[in-house]
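Breakdown of the fold
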Amino acid sequence: MSTGDAQLFEDAFTITDYDQSKYDRVARITANSTDNQTQMTLDINIELFPCLVGENLQVVLATTLALDGNRDGEERGWRDVRGESTLADMYDYVCYGKIYRFEDGVEGQTLRAYVSFGGLLMMLEGPYAKLTPLRVDNTYLLVKK
C-alpha cells in the first residue's frame, strides 16, 4: 500500500467563519476548498491549533500515519513510534476518529461525510468524485497552515 492509498482525502481550505460561542477551548470553523467545490465544518481545539478567518489550511484524512501507507504497525498505537518518522510529523494538528455517517447533499449532487474525533466533529460536503474514497472506518485528521 502506498501513501496515496492511505490518504482518503486531501484538499486546501480557506477559513470563512469562526464560532467560539459554545466552548472556551473549542471553535467551530467553516471553510471552503480553494476550488470552491467542498465545504468543511470542523470543531478544533484552539489552544493546540489557533486559527483565524481568512487563513489557509491543508487538510488530509488518512487511514494510517505510516509514511509507506502500511497499517501493519497500527496495533502498537499512534504514540509508540520508536523514533520512526510518521505522517504526523509533517502536520501541526492531528486527531484520530471515525467516519460514521454519509448522506446526500443538496439536490443529490453532493455527498456529506460526518466524522467524530472524540466529540470534536467534522462535516465535509462536496462532489461524489472527491469524497468517494471515504468509508465508514477509523481515520486520522491531519491539518497544517
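The following paragraphs examine the structure supplied in this document. Note that the structure is predicted; figures quoted are calculated from it, not measured.

Cut-offs and rules
Residues numbered from 1 in each chain as written. Predicted model: local features only at pLDDT ≥ 70, side-chain atom pairs only at ≥ 80, totals over all residues. Heavy atoms only, no water. Phe/Tyr/Trp six-rings, centres within 6.5 Å; stacked < 30°, edge-to-face > 60°. Helix = DSSP H or I, 4+ residues; strand = E, 2+ residues; numbered from the N terminus. Buried < 20%, exposed > 50% of the residue type's maximum accessible area, 1.4 Å probe, protein only. Salt bridge = Lys/Arg side-chain N within 4 Å of Asp/Glu carboxyl O.

As for the packing of aromatic side chains
Scanning the model with the defined rule gives 4 aromatic pairs in all. Ring centres of Tyr 100 and Tyr 114 lie 6.3 Å apart, and the angle between their planes is 45 degrees; on these two criteria the pair is classed as tilted. Note that Tyr 100 is positioned in strand β5 (residues 93-104) and Tyr 114 in strand β6 (residues 110-117), a separation of 14 residues in sequence. Judged by its relative accessible area of 37%, Tyr 100 falls in the partly exposed class.

With respect to the pattern of salt bridges
The tally for this structure, following the rule as stated, stands at 8 salt bridges. In this structure, Arg 28 engages Asp 43 in a salt bridge whose closest nitrogen and oxygen atoms are separated by 2.6 Å. Residue Arg 28 is found in strand β2 (residues 26-33), and its partner Asp 43 is found in strand β3 (residues 39-45); the two are separated by 15 residues along the sequence. Accessibility expressed as a relative area gives 39% for Arg 28, which makes it partly exposed. Classification of Asp 43 as buried rests on a relative accessible area of 9%. Residues Arg 112 and Glu 103 are paired through a salt bridge, measuring 3.3 Å at the closest nitrogen-oxygen approach. You can call Glu 103 partly exposed: its relative accessible area is 29%.

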